[in-house]
Amino acid sequence: MAESKINLIGVDVGGTNIQAAVITSSGVVRKRQRAETPREGGAEAILSTVTDAIAQVLDEDKVGDTLGGIGLAVPGLLDYKKNRVDNSPNTDIMGLDLIAPLRKKFNVPVAFANDTDACTIGEKWVGSAREANTAVGVFVGTGIGGGILVNRKLLRGTRYSAAEVGHMVMDIHGPICGCGNRGCLEAIAARVAMERDIRRAIAEGQPTVLADWIGGPDEPIRSGMLRRALDAGDALTTTILTRAGEVMGQACLTLRHIFEPDVIIFGGGVMEACGDFLMPILEAAISADPYFGPRPGGRIVQSALGDDAGVLGAAALAMTEAGLDPFAGGERSFDHYPALKLTDDHTIQAGKKIYQEDILVRVNGRVRKRQKGDDTTRLASAADVTEKDLGRACRGGPEILILGVDNDAPLRAAAQAFLRRRDIAVEMLPRKKALKRFDALKARKALLLLMG
Ligand SMILES: [Zn+2]
C-alpha cells in the first residue's frame, strides 16, 4: 500500500478523557472519538474504554485495511521493555499492558510513549518543531512534563524516565515538590504551584479579583481563570505569572546549555491560555543569556498543535512501529481540501456549501465560519484579525496560512507574533489570488478569507 494511503490511530489517554483519532500519514486528523476516563474498574476499565474508542472511530471512518498501526500517549512512567505502565500518579493504570491486547484485537503494530514525549514527537512531526532535529518540549499544565528529542530520537534514559524537565531543581531552598525534592520547576511554575501561591496571598488579605471567582478549596483555579484575571489587570495574578515565567525562562537557559536544541517548545493548558503573556518573558530570558544569548538555536516556540499534540504524536509512533519514518517527509497527500470559488464579492462556494461571511479552512480541510454561531460580522482588513481568529484558523498546525483580503493593511504585531511563535508562515493576497494559491499549494495549509 502506498504510504500516503495509510491511516493511523492515535490515542491520548488522559486523566479526564480518552481520545482516539484516525490520522492520515500526512498528519491530518480525520475523525475522533472521545470518552470519559473511567474512575472505577481500574486498568481493565481503562483498557476496555480505549479499545471501544478505537473500534468506534475505525468503524465511523471506514478505515478498513488502510490501518497501518496504533499509537498511544500515556501518562506516567512506562517500561518499554515489558510494555507496561510502571507508575501513573493520576490514572489507575499501573501495571497495565496496553500493547498486547490491542495488537491481538486489531492485528496491527502498536506502540506507546509517555504523554509529553508523544506531544514532543507530534510537534516534531507536524507542529512548531518540524524543522528541528534536537528539541525540548515543556508542557505546563497542572504539573510540568517534558520530552526531549536528540537527533530526532526520544531521549528515554536508562530506566525510561528521562526528560522530567518539571523536576529540574530551580531553587534548593524552594517549596517541596510532589516528587519529594525542593524547588523543582513544577513546584514553582506549574498551575498547582501558582494556585498555592494565590490561595496563600488571599489568606493573607491581598486584594485580587480571584478572591470572588474561586470556589471552595477543592475547586481548582483553572488556566482560563488565570487568563481572565490577567485580562482584568489583576495585580496578584500578573505578579505570580511573571515570576513563574521568569523561573521558566531560567529553566530554558539550563535546557539550552545542556542540549543546545534547535527549539524549546512550550505547550500545555497554562501556555494555551496565557502564552501571549508568558512567551515574551521567556524570550527575554533567552536573549539576555550572557553565555549563549547571541547564538542562534534554542529558540522558544509555542505548541502549534495544542490539544492534538498527543494524538498526533501517538500516530507518529505508530508509523515508526510500522516501519515508516514519519519525519522523512516522503509521499504526502493533500487532496482533502475543498474546491473554493468566489462567486461574487460577498459569496464563496466551498465544496457544496455557500457562505456569505468570513470563512476559514483548516488543515483537515473543514470549512468554518470565522466566528462561531450566528455572528456574521465581516472583517475589513488584516489589521482586524485577532489571535483568537488565528487560533481557530490554525488548529491542526498548518505550515502556512493564506490570508485572503482585498487591501494591504498588515496584521497587527500580536497576530504576527502568534504565527511566528508557532512557526506558521503567512501569505497575504487579494482574495481571488489567495484562492488560487491555496488550491495550488502542496502543504499542510490553512486559509482565512475575509469577505470585507
Ligand atoms: Zn519535583
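A quick note: this is a predicted structure, and the numbers were derived from the prediction, not measured.

Things to note about the domain arrangement of the protein chain
Phase 1: Examined at the domain level, the protein chain breaks down into domain 1 (3–124 + 308–328), domain 2 (130–302) and domain 3 (340–449).
Phase 2: The C-alpha centroid of domain 2 is placed 27 Å from the C-alpha centroid of domain 1.
Phase 3: Listed by partner, the interface residues are 17 residues for domain 1 and 18 residues for domain 2.
Phase 4: Buried area between domain 1 and domain 2, summed over both chains or domains, comes out near 1500 Å², and the portion from carbon and sulfur atoms is 61%.
Phase 5: Joining domain 1 to domain 2, the criterion identifies 0 salt bridges.
Phase 6: Run the count over domain 1 and domain 2 and you get 4 residue pairs in polar contact (both at pLDDT 80 or more).
Phase 7: Mapped by element, the contributors of at least two residues to the side of domain 1 that touches domain 2 are strand 5 (77–79), strand 7 (110–114) and helix 3 (115–126).
Phase 8: The dominant element in the side of domain 1 that touches domain 2, judged by the number of residues it contributes, is helix 3, at 7 residues.
Phase 9: Looking at the side of domain 1 that touches domain 2, its residues break down into 8 nonpolar, 3 polar and 6 charged.

Concerning the pattern of salt bridges
Side chains that carry opposite charge are capable of pairing whenever their charged atoms lie near each other.
Phase 1: Inspection of the entire model under this criterion finds 17 salt bridges.
Phase 2: In this structure, Arg199 engages Glu195 in a salt bridge whose closest nitrogen and oxygen atoms are separated by 3.0 Å. Residue Arg199 and its partner Glu195 are both found in helix 5 (residues 191–203); the two are separated by 4 residues, about one turn of the helix.
Phase 3: Overall, the relative accessible area of 23% leaves Arg199 in the partly exposed class.
Phase 4: With a relative accessible area of 11%, Glu195 lands in the buried category.
Phase 5: Between Asp406 and Arg431 there is a salt bridge, with its nearest N and O atoms 2.9 Å apart. Here the residue Asp406 occupies a position in the loop between strand 18 (400–404) and helix 12 (413–421), and Arg431 occupies one in helix 13 (residues 431–440), the gap between them amounting to 25 residues.
Phase 6: Note on Arg431: relative accessible area 5%, which makes it buried.
Phase 7: Members of the salt-bridge network, linked through shared partners, are Arg191, Glu195 and Arg199.

Description of the coordination of the zinc ion
Ideal values differ by geometry: the angle at a metal is 109.5 degrees with four tetrahedral donors, but 90 or 180 degrees with six octahedral donors.
Phase 1: For the zinc ion, the full set of protein donor atoms is His167 (ND1), Cys177 (SG), Cys179 (SG) and Cys184 (SG), and the range of their distances to it is 2.0 to 2.3 Å.
Phase 2: Around the zinc ion, the 4 donor atoms are arranged such that angles at the metal cover 103 to 123°; this shape is classified as tetrahedral.
Phase 3: Donor residues for the zinc ion sit on one chain with the sequence pattern H-x9-C-x1-C-x4-C. Placement of His167 in the loop between strand 10 (153–154) and helix 4 (185–189) and of Cys177 in the loop between strand 10 and helix 4 is noted, with a sequence separation of 10 residues between them.

Focus on unusual backbone geometry
Phase 1: Positive phi, close to 60°, is recorded for Asn107, a residue that is not glycine.
Phase 2: Here Asn107 falls in the exposed class, since its relative accessible area comes to 70%.
Phase 3: Phi is positive for Ala163, close to 70°, though the residue is something other than glycine.
Phase 4: In this structure, Ala163 sits in the loop between strand 10 and helix 4.
Phase 5: On the basis of relative accessible area, Ala163 is assigned to the buried category, the value being 9%.

Looking at the sheet that holds strand 3 (residues 29–36)
Phase 1: An order of 3-2-1-4-7 is seen for the 5 strands of this open sheet, with the pairing classed as mixed. The open sheet is flanked by strand 3 and strand 7, the only strands paired with a single partner. For this sheet, the mean angle separating the axes of adjacent strands, direction not counted, is 15°.
Phase 2: Taken together, the 7 bridges between strand 1 (residues 7–13) and strand 2 (residues 17–24) define a ladder with antiparallel strand orientation. In the sheet register, Leu8 faces strand 2, and the bridge partner there is Ile23.

A look at the layout of surface pockets
Think of a ball as big as a water molecule: rolled over the atoms, this probe shows where empty space is left.
Phase 1: If you add up the space inside the second largest pocket, you get close to 1300 Å³.
Phase 2: Taken together, 44 residues make up the lining of the second largest pocket; nearest its centre are Glu272, Lys388, Gly391, Arg392 and Arg395.
Phase 3: Elements supplying a minimum of two residues to the lining of the second largest pocket: strand 3, helix 9 (269–287), helix 11 (387–393) and helix 12.
Phase 4: Its residues placed into classes, the lining of the second largest pocket shows 12 nonpolar, 10 polar and 22 charged.

Regarding the side chain of Thr51
Phase 1: Secondary-structure assignment places Thr51 in helix 1 (residues 42–60).
Phase 2: Polar contacts involving the side chain of Thr51 include one to the main-chain carbonyl oxygen of Leu47, which spans 2.7 Å.
Phase 3: Those residues in contact with Thr51, other than ones at most four positions away along the chain, are Leu102, Lys105 and Phe106.

Notes on the sheet that holds strand 18
Phase 1: As summarised here, the arrangement of the 5 strands in space is 17-16-20-18-19, forming an open sheet in which the pairing is mixed. Every interior strand has two partners, whereas the edge strands, strand 17 (367–369) and strand 19 (425–429), have only one. Neighbour to neighbour, the strand axes of the sheet diverge by 20° on average, direction disregarded.
Phase 2: Here strand 16 (residues 359–361) runs beside strand 17; their pairing, made up of 3 bridges, is antiparallel.

Comments concerning the environment of Thr386
Phase 1: Residue position: Thr386 is located in the loop between strand 17 and helix 11.
Phase 2: Judged by relative accessible area, which is 30%, Thr386 ranks as partly exposed.

The rules behind the values
- Residues numbered from 1 in each chain as written.
- Predicted model: local features only at pLDDT ≥ 70, side-chain atom pairs only at ≥ 80, totals over all residues.
- Heavy atoms only, no water.
- Domains from an automatic or database assignment.
- Contact = heavy atoms within 4.5 Å.
- Buried area = accessible area lost by both parts, 1.4 Å probe.
- Salt bridge = Lys/Arg side-chain N within 4 Å of Asp/Glu carboxyl O.
- Polar contact = N/O pair within 3.5 Å; in protein donor to acceptor, adjacent residues only side chain to side chain.
- Helix = DSSP H or I, 4+ residues; strand = E, 2+ residues; numbered from the N terminus.
- Nonpolar A, V, L, I, M, F, W, Y, C, P; charged D, E, K, R; others polar.
- Buried < 20%, exposed > 50% of the residue type's maximum accessible area, 1.4 Å probe, protein only.
- Donors = N, O, S within 2.8 Å, 3.2 Å for Na, K, Ca; no water.
- Tetrahedral: all angles 85-135°; square planar, octahedral: opposite > 155°, others 65-115°.
- Pairing = 2+ DSSP bridges.
- Axes fitted to C-alpha atoms, helices over the stretch in contact; angles between N-to-C directions.
- 1 Å grid on protein atoms, 1.4 Å probe; cavity = no way out; pocket = protein on both sides within 12 Å on 5 of 7 lines; lining within 4 Å.
- Points joined across faces, edges and corners; volume = space filled by probe spheres on them.

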